[in-house]
Amino acid sequence: MWQPTPDVVAHRGASAHRAEHTRGAYELALEQGADALECDIRVSRDGHLVCVHDRRIDRTSSARGVVSELTLAGMSDVDFGSWHRELPGTADELVNWAGPDPERGVLTLDELLGLLRDHPRPVRLFVETKHPVRYGGLVEHKLVALLARHGLAAPADPEHSPVLMMSFSQAAVRRFRAAAPRVPTVLLFDRFRSAWRNGVLPPWADIAGPGIRLLREDPGFVARAAALGRDTYCWTVDDPADIDLCQRSGVRYLATNSPASTRSHLDDSDSSRFGSVTTT
């Protein structure tokens, strides 16, 4: 059965080719035509929402420390870019590249929202709140407040909301839904629990968010969720066979570290399914 092509979501930006969660990674993802971006957020010691996946900044920067113990100013001169040296653009651009100047300072969610606001085409943003964290539910409350400042906390049409919230924490998703009921939510999970396997989600979760391993084990999950009105967001999908699986299964949102190559593979798959159209 024919399935629509999934939306390509740039996981932490074009993170296969630029350091994750840097402005450069997101700018490249936009250049590569990503339909949406994905980011993880944490709260700094002085209350700012910063785009960092890990509890500590050690892996992705030139400094060390726990995000919740560092201030925004303290992370402003840290190099978050030069640890990751890869080829620019797509993987077949076989050139030597020293990379851009080091990206100084942690990227804030406010900056990322500004980047999307200024982009000429509409691109959605999937924001994942990280848990467990020192400040508990503060991250969701801060997120709602920031979205409100950008005019994004109460979209007129939730189906086309510029921002979607997601988390592995059920409490976090429930808390966010209570504070911003019109912003769509994604419940992320790496194993099936009770009724989830049948596509049944809690009422405060709009979209199912399984990892690709779960779809390999049970690709029929997507159809069962769709039959109950739930779309599927699948993470993190880079292998061509996994991309094909998501396409066949009917995944709506496909999170990938390589937006350009994933888009190219999807386009090639569409061409092979429908054939090329020629004009005379």
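Residues numbered from 1 in each chain as written. Predicted model: local features only at pLDDT ≥ 70, side-chain atom pairs only at ≥ 80, totals over all residues. Heavy atoms only, no water.

Asks: Break down the nonpolar core for me, citing the residues and quoting the values.
Replies: Inside soluble globular proteins, nonpolar side chains tend to come together where they are buried. In this structure, Leu37, Leu109 and Leu125 are the most contacted members of the largest nonpolar core, which totals 59 residues. Apart from residues no more than four positions distant in its own chain, leucine 109 is found in contact with Cys39, Ile41, Leu49, Cys51, Leu125, Val127, Leu143 and Leu146. (Core = buried A, V, L, I, M, F, W, Y, C linked by side-chain atoms within 4.5 Å. Buried < 20%, exposed > 50% of the residue type's maximum accessible area, 1.4 Å probe, protein only. Contact = heavy atoms within 4.5 Å.)

Asks: Account for the packing of aromatic side chains, with residues named and values stated.
Replies: All told, the structure shown has 7 aromatic pairs when counted by the stated rule. Note on phenylalanine 189 and tryptophan 196: the rings are 5.1 Å apart at their centroids and 45° apart in plane angle, and the pair reads as tilted. The class for tryptophan 196 is buried, based on a relative accessible area of 8%. With 5.2 Å between their ring centres and 50° between their planes, phenylalanine 192 and phenylalanine 221 make a pair best called tilted. You can see phenylalanine 192 sitting in the loop between strand 6 (185-189) and strand 7 (207-210) and its partner phenylalanine 221 sitting in helix 6 (residues 221-227), a full 29 residues away along the chain. Given the relative accessible area of 13%, phenylalanine 192 is considered buried. Classification of phenylalanine 221 as buried rests on a relative accessible area of 0%. Linked through ring pairs, Phe189, Phe192, Trp196 and Phe221 together constitute an aromatic cluster. (Phe/Tyr/Trp six-rings, centres within 6.5 Å; stacked < 30°, edge-to-face > 60°. Helix = DSSP H or I, 4+ residues; strand = E, 2+ residues; numbered from the N terminus.)

Asks: Residues and numbers for the pattern of salt bridges, please.
Replies: Per the stated rule, a full pass over the model turns up 20 salt bridges. Of the charged contacts, one joins lysine 130 and aspartate 40 as a salt bridge, the two residues approaching to 3.9 Å between their closest N and O atoms. Taken as a pair, lysine 130 in the loop between strand 4 (124-129) and helix 3 (138-149) and aspartate 40 in strand 2 (residues 36-43) lie far apart in primary sequence, 90 residues in all. Like lysine 130, the residue aspartate 40 is buried in the burial classification. A salt bridge links aspartate 58 to arginine 64, with the nearest nitrogen and oxygen atoms 3.3 Å apart. (Salt bridge = Lys/Arg side-chain N within 4 Å of Asp/Glu carboxyl O.)

Asks: Explain helix 3 residue by residue, including any values.
Replies: For helix 3, built from 12 residues, the straight-helix expectation of 16 Å at 1.5 Å per residue is met to within 8% by its first-to-last C-alpha distance of 17 Å. Just downstream of helix 3 lies glycine 151, where phi reads positive at about 70°. (Expected span 1.5 Å × (residues − 1).)

Asks: Describe the side chain of aspartate 218, with residues and values.
Replies: By the secondary structure assignment, aspartate 218 is in the loop between helix 5 (212-217) and helix 6. A distance of 2.4 Å separates the side chain of aspartate 218 from the side chain of arginine 224, its partner in a polar contact. Apart from residues no more than four positions distant in its own chain, aspartate 218 is found in contact with Phe192, Arg197 and Arg224. (Polar contact = N/O pair within 3.5 Å; in protein donor to acceptor, adjacent residues only side chain to side chain.)

Asks: Describe in detail the packing of helix 1 (residues 23-31) against helix 2 (residues 109-118), supporting the description with residues and values.
Replies: For the pair helix 1 and helix 2, the least separation of the axes is 11 Å and the interaxial angle reads 25°. Relative to helix 2, the element helix 1 is oriented roughly parallel. Once helix 1 is placed against helix 2, the crossing between them reads as right-handed. Taking contact as the criterion, the partners of Arg23, Tyr26, Glu27 and Leu30 in helix 1 are, on helix 2, Glu111, Leu112, Leu115 and Leu116. (Axes fitted to C-alpha atoms, helices over the stretch in contact; angles between N-to-C directions. Parallel < 35°, antiparallel > 145°, perpendicular 65-115°, else oblique. Left-handed = near helix turned anticlockwise from the far one by under 90°.)

Asks: Go over the packing of helix 3 against helix 4 (residues 170-179), please, and point to the residues and values.
Replies: Contact geometry for helix 3 and helix 4: axes closest at 9 Å, N-to-C directions at 35°. The two elements helix 3 and helix 4 cross, and the hand of that crossing is right-handed. Contacts between helix 3 and helix 4 involve Glu140, His141, Leu143, Val144 and Leu147 on the former and, on the latter, Ala172, Arg175, Phe176 and Ala179.

Asks: I'd like a description of the pairing of strand 4, backed by residues and values.
Replies: Each regular strand carries side chains that alternate between the two faces of the sheet. The buried count for strand 4 comes to 6 of 6 residues, which makes it a mostly enclosed element. Judged by which residues are buried, strand 4 turns out to be covered on both faces: Arg124, Phe126 and Glu128 on one side and Leu125, Val127 and Thr129 on the other are all buried. Of the strand pairs in this sheet, strand 2 and strand 4 are connected by 6 bridges, and their pairing is parallel. Paired with alanine 36 across the two strands is arginine 124, which belongs to strand 4. Relative to strand 5 (residues 163-167), strand 4 runs parallel, the two sharing 4 bridges. (Pairing = 2+ DSSP bridges.)

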